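Commentary on secondary and tertiary structure
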Amino acid sequence: MGVMRILMADDIASERLYLTACLTNLGHHVKSVSSGAELLKCYSEFQPDLLLIDIEMPEQNGIELVHTIRLQYPEWVPIIFLSGLNEPHVIAKAIEVGGDDYLVKPVNPIILAAKMQAMSRIAVMRQRLEHTTVQLQKVNKLLLEQVNEDPLTKLANRRYLDQKLKEFIALHGRNSLPLTIILLDVDFFKLFNDFQGHIEGDNCLKLLSSNLKRTFNRAGEVCGRYGGEEFIVLICNCDEKQAIKECQRLKDSIRRLAIPHENSLISDKLTVSQGAISWVPTGLELVENLYQAVDTLLYQAKENGRDQFVTSEYPYSLVSHNEN
Ligand SMILES: Nc1nc2c(ncn2[C@@H]2O[C@H](COP(=O)(O)OP(=O)(O)OP(=O)(O)O)[C@@H](O)[C@H]2O)c(=O)[nH]1
């Protein structure tokens, strides 16, 4: 039989002593108190598997106490009522208010042992259920992360970015606030992979990603992996003037990383090109059209010589920035 933590409330000391002795002899861990108030005080800390509650107690009787327990502690710990009254309507009321069983005092030790056997089976099942629930919660959390996370870089993935962008379009449209999307792409990354190997390429993407996370970690800033060596940054309440500063901030942060790229055709360090659109959404924009627009600006930055950014209002009025 499994050992249970039994919490008992009975105002009569001799009853408490007798039952504590019987239950301890059966191998259980028992705590007994003399009132409902005391029981409520030690309930959380004691973490009972079973409650034994006397019905006839002064101040708060057992029925009222169980009513309070069922309201305060929704996880179902079995309760056995104790009473000198062997009356059907009292037993019925006790079960109705949330009791699971009823023992008439003086309690027969054989009946007590048999009831404890049944209750300990329930306690074991409850523990298993609790354990399974905790495991399930962990798995659910992990699944949720995996659904929204890029496995290599641990940044938000495309799915999450799409979802956030839709949210931001609606929010900024409603409040007439400017929104900025930056799309950045590593320059000559194929050459990086070709000469330094794919593993070093992966490490480089991870470095860039943690730099992105550090650089855009304020509320209202979301960065994620768009795909391959392309990343997206969404910046709330950001107009084109501010977007230019943000692109420059990003460019400077990557320069500070100083990742060697000897095979780049424009620098001995790794560089990125960026496109950025800023506008006050109507709320009706389509995510695909916005990506297309920002991709066109990125392409422009590549065409202009890379390691630079092109920003624009949306729809376009292009501004190129290749100053150092
Ligand atoms: N190591 C690694 N490489 C990747 C990953 N995803 C995409 N790539 C590589 O990124 C490179 C992208 O090459 P391209 O599209 O030709 O672009 P690029 O060489 O960066 O040239 P530009 O963009 O024009 O400056 C390809 O070689 C891909 O294999 C990845 O997860 N890990």
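Nothing here was measured: the structure is a model prediction, and the numbers come from that model.

Scoring rules and cut-offs
- Residues numbered from 1 in each chain as written.
- Predicted model: local features only at pLDDT ≥ 70, side-chain atom pairs only at ≥ 80, totals over all residues.
- Heavy atoms only, no water.
- Buried < 20%, exposed > 50% of the residue type's maximum accessible area, 1.4 Å probe, protein only.
- Helix = DSSP H or I, 4+ residues; strand = E, 2+ residues; numbered from the N terminus.
- Pairing = 2+ DSSP bridges.
- Right-handed = clockwise from strand over helix to strand, strands pointing away.
- pLDDT = per-residue confidence, 0-100.
- Axes fitted to C-alpha atoms, helices over the stretch in contact; angles between N-to-C directions.
- Contact = heavy atoms within 4.5 Å.
- Phe/Tyr/Trp six-rings, centres within 6.5 Å; stacked < 30°, edge-to-face > 60°.
- Lys NZ or Arg CZ within 6 Å of the ring centre and 35° of its normal.
- 1 Å grid on protein atoms, 1.4 Å probe; cavity = no way out; pocket = protein on both sides within 12 Å on 5 of 7 lines; lining within 4 Å.
- Points joined across faces, edges and corners; volume = space filled by probe spheres on them.
- Nonpolar A, V, L, I, M, F, W, Y, C, P; charged D, E, K, R; others polar.

Turning next to the pairing of strand β1 (residues 5-9). For β1, the tally of buried residues reaches four of five residues, placing the bulk of the element in the interior. Bridging between β1 and strand β2 (residues 29-33) involves five bridges; their strand directions are parallel. Along β2, the bridge assignment pairs A9 with V33. Handedness of the β-α-β unit built from β1, helix α1 (residues 13-25) and β2 comes out right-handed.

It is worth spelling out the confidence of the model for the protein at this point. When pLDDT is averaged across the protein, the result is 95; 98% of the residues are at 70 or more. Among the scores for the predicted complex, ipTM is 0.98 and pTM is 0.70.

Our next topic: the sheet that holds β1. Within the open sheet, the five strands sit side by side as β2-β1-β3-β4-β5. Their pairing is parallel. Two strands in the sheet have a free side with no partner beyond their single neighbour: β2 and β5 (101-104). Strand-to-strand, the axes of this sheet are offset by a mean angle of 20°, without reference to chain direction. Each of β1, β2 and β3 (50-54) is contacted by helix α2 (residues 36-46), which is oriented at about 170° to β1, the strand it contacts most. Of the strands in this sheet, β1, β3, β4 (79-83) and β5 touch helix α5 (residues 109-148), which is tilted by about 165° from β5.

A few words now on the packing of aromatic side chains. Taken as a whole and judged by the stated rule, the model has four aromatic pairs. Taking the centre distance of 5.0 Å and the plane angle of 65° together, the rings of Y226 and Y291 count as edge-to-face. Of the two residues, Y226 sits in strand β7 (residues 221-227) while Y291 sits in helix α10 (residues 287-303), which places them 65 residues apart along the sequence. Since its relative accessible area comes to 3%, Y291 is described here as buried. Each ring, one from W279 and one from Y314, has its centre 5.6 Å from the other, and the planes form 70°; the classification is edge-to-face. With a gap of 35 residues between them, W279 in strand β9 (residues 272-279) and Y314 in the loop between β10 (309-313) and β11 (319-321) connect regions that are remote in the sequence. Of the residues examined, W279 reaches a relative accessible area of 4% and is grouped as buried. For R249, the ring lying beneath its charged end belongs to F216, and the centroid distance is 5.0 Å.

What the largest pocket holds in volume is close to 210 Å³. Of all the elements in the fold, those that place two or more residues in the lining of the largest pocket are α2 and α5. No other element matches the four residues that α5 contributes to the lining of the largest pocket. Among the residues making up the lining of the largest pocket, the classes are represented as four nonpolar, three polar and five charged.

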